[in-house]
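Okay, here's what each chain looks like letter by letter:
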Amino acid sequence: MTAIQVENLVKEYRLTVRSKGIASSLKSLLMPEYRHVRAVDGVSFSIEKGDTVGFIGPNGAGKSTTVKMLTGVLTPTSGRIDVCGMNPEKERKRIAARIGVVFGQKTQLWWDLPVYDTYDLLRHIYKIPKPVYTRNLEMFSELLGLPEFFKTPVRQLSLGQKMRADIAAALLHDPEVIFFDEPTIGLDVVAKEKIREFLRTVNQEKGTTMLFTTHDMDDIEQTCKRLIIIDHGNKIYDGTMNEIKDTFGKDRTLSVEFSEPPGAFVYPGVETIDQQGNKLLLKFRKDDILVSQLVSRLAESNTIVDLTVQEPDIEALIREIYVGGIQIEPSLSGVG
Ligand SMILES: Nc1ncnc2c1ncn2[C@@H]1O[C@H](COP(=O)(O)OP(=O)(O)O)[C@@H](O)[C@H]1O
Ligand SMILES: [Mg+2]
């Protein structure tokens with residue numbers, strides 16, 4: 001079942017061009033000149049129910065704009081959006097009952113209300129049945145440690161507490177789809193970890209579809225099964241995490257320590273990146289070279305004391321996609 005479907009989505013912002021000098025200021029007041037910024041430039045994708053998708057890209061790529069259109073906050077310039085079988089912009093009220101939204105930069109809670117009262121208010125607003133409310137509050141309290149700040153007004157919460165409170169608030173009514181815009185921004189490692197673990201649990205237990213934008217590569221690696229990468233308003237990659245690793249992650253580095261300084265190592269397809277003292281750092285492509293063969297060759301003339309093989313980290317792979325991404329044929333993305 002499809003949870004989110006987007007076809008040829010476009011968003012243009014209209015900016016008034018300001019001119020200098022009184023005469024031209026007057027003119028632009030009477031006959032304003034506009035410049036258009038195409039923040040989203042024909043993006044299409046579809047997301048299955050229960051999927052967890054990272055929506056990533058450099059600053060200004062159009063991520064937040066897309067999330068705002070998907071949640072009915074912004075009207076698209078053109079294109080079609082379907083979320084839970086509805087058009088978000090036309091059915092804002094009905095869709096609110098089926099989705100949850102969390103913006104990392106901005107809390108959706110009431111500033112002066114204690115957290116617990118906020119939840120009680122949400123229960124009435126969303127008409128959440130008592131058993132559902134009680135069950136969810138219990139689960140979220142345990143996983144996110146909410147009770148420690150239940151009585152604290154939202155404005156007194158730390159950034160990490162606020163985010164935990166916000167995420168729980170967005171999920172109290174059991175939404176089918178949840179959108180996050182930078183949910184871990186500004187949080188410390190422990191707080192981030194807690195939130196990621198929470199999201200994984202909710203996804204597994206409730207089958208909630210999740211789409212999130214993030215700058216944090218660990219967020220992506222630990223929470224998302226699939227990645228959609230956009231740049232300058234265009235989709236440049238769409239595929240699973242494993243497909244990315246298979247397509248782009250073919251380089252390996254082998255770091256070896258010998259009992260005595262090794263001589264120069266020459267082997268077809270293997271590049272020496274670094275050589276210092278007893279240590280050697282080699283690079284090769286996993287499809288061309290068998291590690292076992294490489295290691296036995298290295299062991300021929302010297303005793304190996306220590307050895308590790310490393311895969312490139314996901315951050316390096318994504319950087320590679322950003323740089324070369326425009327050339328990736330759409331048919332290539334998704335091919336393992
Ligand atoms: N309200 C706005 N008015 C005009 N331009 C905007 C507005 N919001 C965003 N933009 C522009 O649209 C582009 C995409 O922005 P945004 O969706 O916020 O990107 P991201 O979330 O990927 O960083 C950027 O060039 C940004 O400057
Ligand atoms: Mg943004």
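Residues numbered from 1 in each chain as written. Chains lettered and ligands numbered in written order. Predicted model: local features only at pLDDT ≥ 70, side-chain atom pairs only at ≥ 80, totals over all residues. Heavy atoms only, no water.

A. Molecular detail of the domain arrangement of the protein chain. Per the domain assignment, the segments of the protein chain are domain 1 (49–76 + 83–242) and domain 2 (250–311). Taking only C-alpha atoms, the centre of domain 1 and the centre of domain 2 are 45 Å apart. (Domains from an automatic or database assignment.)

B. The arrangement of the environment of Lys-27 in detail. By the secondary structure assignment, Lys-27 is in helix α1 (residues 22–30). Residues contacting Lys-27, with those up to four places away along its chain left out, are Pro-32 and Glu-33. (Helix = DSSP H or I, 4+ residues; strand = E, 2+ residues; numbered from the N terminus. Contact = heavy atoms within 4.5 Å.)

C. Spatial organisation of the sheet that holds strand β1 (residues 2–16). The sheet built from three strands is open, its strands ordered β2-β1-β4 with antiparallel pairing. Edge strands, defined here as strands with exactly one partner in the open sheet, are β2 (34–48) and β4 (78–83). In this sheet, adjacent strand axes meet at a mean angle of 25 degrees when their direction is disregarded. In the sheet, β1 pairs with β4 via five bridges, with the strands oriented antiparallel. Opposite Gln-5, over in β4, you have Asp-82 as the bridge partner. Along the sheet face, helix α2 (residues 63–70) touches β1, β2 and β4 and points at about 120 degrees away from the line of β1. (Pairing = 2+ DSSP bridges. Axes fitted to C-alpha atoms, helices over the stretch in contact; angles between N-to-C directions.)

D. Here's a closer look at the pattern of salt bridges. By the definition in use, this model includes 23 salt bridges. Of the charged contacts, one joins Glu-12 and Arg-38 as a salt bridge, the two residues approaching to 2.9 Å between their closest N and O atoms. A residue pair is termed long-range when its members are at least 10 positions apart, and Glu-12 in strand β1 and Arg-38 in strand β2 qualify at 26 residues. With a relative accessible area of 26%, Glu-12 lands in the partly exposed category. What you see here is one network of salt bridges that share partners, running through Lys-192, Glu-193, Arg-196, Arg-200, Asp-216 and Asp-219. (Salt bridge = Lys/Arg side-chain N within 4 Å of Asp/Glu carboxyl O. Buried < 20%, exposed > 50% of the residue type's maximum accessible area, 1.4 Å probe, protein only.)

E. Summary view of the state of the cysteines. Under the defined criterion, the tally for this structure stands at zero disulfides. The thiol of Cys-84 is not disulfide-bonded; the next cysteine sulfur, from Cys-224, is found 19 Å away. (Disulfide = S-S within 2.5 Å.)

F. View of a nonpolar patch on the surface. A cluster of nonpolar side chains, Ile-22, Leu-26, Leu-29, Leu-30 and Met-31, forms an exposed patch at the surface whose accessible area comes to about 640 Å². With respect to the helices and strands, the residue Met-31 is situated in the loop between α1 and β2. On the basis of relative accessible area, Met-31 is assigned to the exposed category, the value being 53%. (Patch = residues over 30% accessible without salt bridge, like charges linked within 9 Å, V, L, I, M, F, W, Y side chains within 5 Å. Areas by Shrake-Rupley, 256 points an atom, 1.4 Å probe, with all protein chains shown as cover.)

G. Quick look at the packing of helix α4 (residues 115–125) against helix α6 (residues 159–171). Put simply, α4 and α6 touch, their axes get as near as 10 Å, and they point 15 degrees apart. When the axes of α4 and α6 are compared, the pair comes out roughly parallel. The two elements α4 and α6 cross, and the hand of that crossing is right-handed. In contact with Val-115, Tyr-119 and Leu-122 of α4, α6 contributes Arg-164, Ala-165, Ala-168 and Ala-169. (Parallel < 35°, antiparallel > 145°, perpendicular 65-115°, else oblique. Left-handed = near helix turned anticlockwise from the far one by under 90°.)

H. Representation of the sheet that holds strand β11 (residues 271–276). One open sheet accounts for four strands, arranged β11-β12-β10-β13; its pairing is antiparallel. Across the chains shown, the open sheet's two edge strands, defined by having one partner strand only, are β11 and β13 (304–310). Across this sheet, the average inter-strand angle for adjacent strands is 15 degrees, counted without regard to direction. Bridge count between β11 and strand β12 (residues 279–285): five bridges; the pairing is antiparallel. Residue pairing for β12: Gln-275 is matched across the bridge by Leu-280. Packed onto the sheet, helix α10 (residues 291–300) meets β10 (251–258), β12 and β13 and runs at close to 155 degrees relative to β13.

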